[in-house]
Amino acid sequence: MAKLYVVGFGPGGYEHMTVKAVRAIEGADLIIGYTAYVEMLKAAFPDKIYLSTPMTKEIDRCRLAVEKTMAGLNVALVSSGDSGIYGMAGIVLQVADQIQAPVEIEIVPGVTAASAAAAVLGAPLMHDTALISLSDLMTPLDLIMKRVSCVAQADFVICLYNPKSKKRKDYAAQAAALVMEHRSAQTPVGIVRHAGRDGQQTVITELGKLAEADIDMFSIVIIGNSRTYVKDGKMITPRGYQL
């Protein structure tokens, strides 16, 4: 019986892929993904057969993956990062359930953007952390900002996905203002662009300066908690060990 693998392949480079992700891709008859993700994988797996769809076609992509699996092909439905963190895992499970597809689905985890960015910055995620996407395509903006406010009050380290786009120029600034209601403007903030990919860029700044920071959709923003500090160019969030 054919199988559908929902694969998170990490930031994009082969060195960040798990062994399980590599095996799933190598063993697949067909690889399906967003166009940009397919192009990333072609360098490491040039002999595979690929099908790609553009951005915003996630549901179509999942239906295609389920249909091809039902037709007898082993399929790897791929996305960068982790398949279950803003990835394709949830959508494909919903699609398969909707049409009652008799296919076996396996979720293959990967290195998410938060982990990739944190490794570059030092150790900012060592304590309780909240991941929040500032994209309001799927979630109302007022709910997003409510979540930002709540986790700021609870002193979580906050990792912001999709912090800025051409249409969403001030969402990161709004989020920073809400966080500053509960912590200092000098709170360390790490910004990593293209984490784990070619062209990687890293900046460590302060919460009060986040509104003016150079960020875009390729950036991950990590806001430290009240105890996060910077030492020798590394962000460190203590977990509480007594040294």
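Conventions adopted
- Residues numbered from 1 in each chain as written.
- Predicted model: local features only at pLDDT ≥ 70, side-chain atom pairs only at ≥ 80, totals over all residues.
- Heavy atoms only, no water.
- Axes fitted to C-alpha atoms, helices over the stretch in contact; angles between N-to-C directions.
- Helix = DSSP H or I, 4+ residues; strand = E, 2+ residues; numbered from the N terminus.
- Parallel < 35°, antiparallel > 145°, perpendicular 65-115°, else oblique.
- Left-handed = near helix turned anticlockwise from the far one by under 90°.
- Contact = heavy atoms within 4.5 Å.
- Nonpolar A, V, L, I, M, F, W, Y, C, P; charged D, E, K, R; others polar.
- Expected span 1.5 Å × (residues − 1).
- Buried < 20%, exposed > 50% of the residue type's maximum accessible area, 1.4 Å probe, protein only.
- Patch = residues over 30% accessible without salt bridge, like charges linked within 9 Å, V, L, I, M, F, W, Y side chains within 5 Å.
- Areas by Shrake-Rupley, 256 points an atom, 1.4 Å probe, with all protein chains shown as cover.
- Salt bridge = Lys/Arg side-chain N within 4 Å of Asp/Glu carboxyl O.

Student: For this particular structure, what's the right way to read the packing of helix H3 (residues 58-70) against helix H4 (residues 89-98)?
Tutor: What describes two packed helices is the angle between their axes and the distance between those same axes. Relative to each other, H3 and H4 sit at 60°, their axes nearing to 9 Å. When the axes of H3 and H4 are compared, the pair comes out oblique. In this structure, H3 crosses over H4, and the sense of that crossing is right-handed. Residues Glu58, Ile59, Cys62, Arg63 and Val66 of H3 pack against Ile91, Val92, Val95, Ala96 and Gln98 of H4. Among the residues making up the contact of H3 with H4, the classes are represented as seven nonpolar, one polar and two charged.

Student: So what exactly am I meant to see when it comes to helix H6 (residues 141-153) here?
Tutor: Structurally, the α-helix is built with 3.6 residues per turn, so residues lying three or four positions apart point the same way. An ideal rise of 1.5 Å per residue puts 18 Å on 13 residues; H6 measures up with 18 Å between its terminal C-alpha atoms. Buried within H6 we find Ile144, Met145, Val148, Ser149, Val151 and Ala152. In this structure, the buried side of H6 is in contact with strand E7 (129-133), strand E8 (157-161) and helix H7 (171-179). Taken from the residues just after H6, Asp155 is the one with a positive phi, measuring 65°.

Student: Which parts of the structure should I look at to understand a nonpolar patch on the surface?
Tutor: Where nonpolar side chains cluster on the molecular surface, the patch consists of Met126, Tyr241 and Leu243 and spans about 460 Å² of accessible area. Its location among the elements puts Leu243 in the segment after strand E13 (234-236).

Read these as geometric descriptors, not functional statements.
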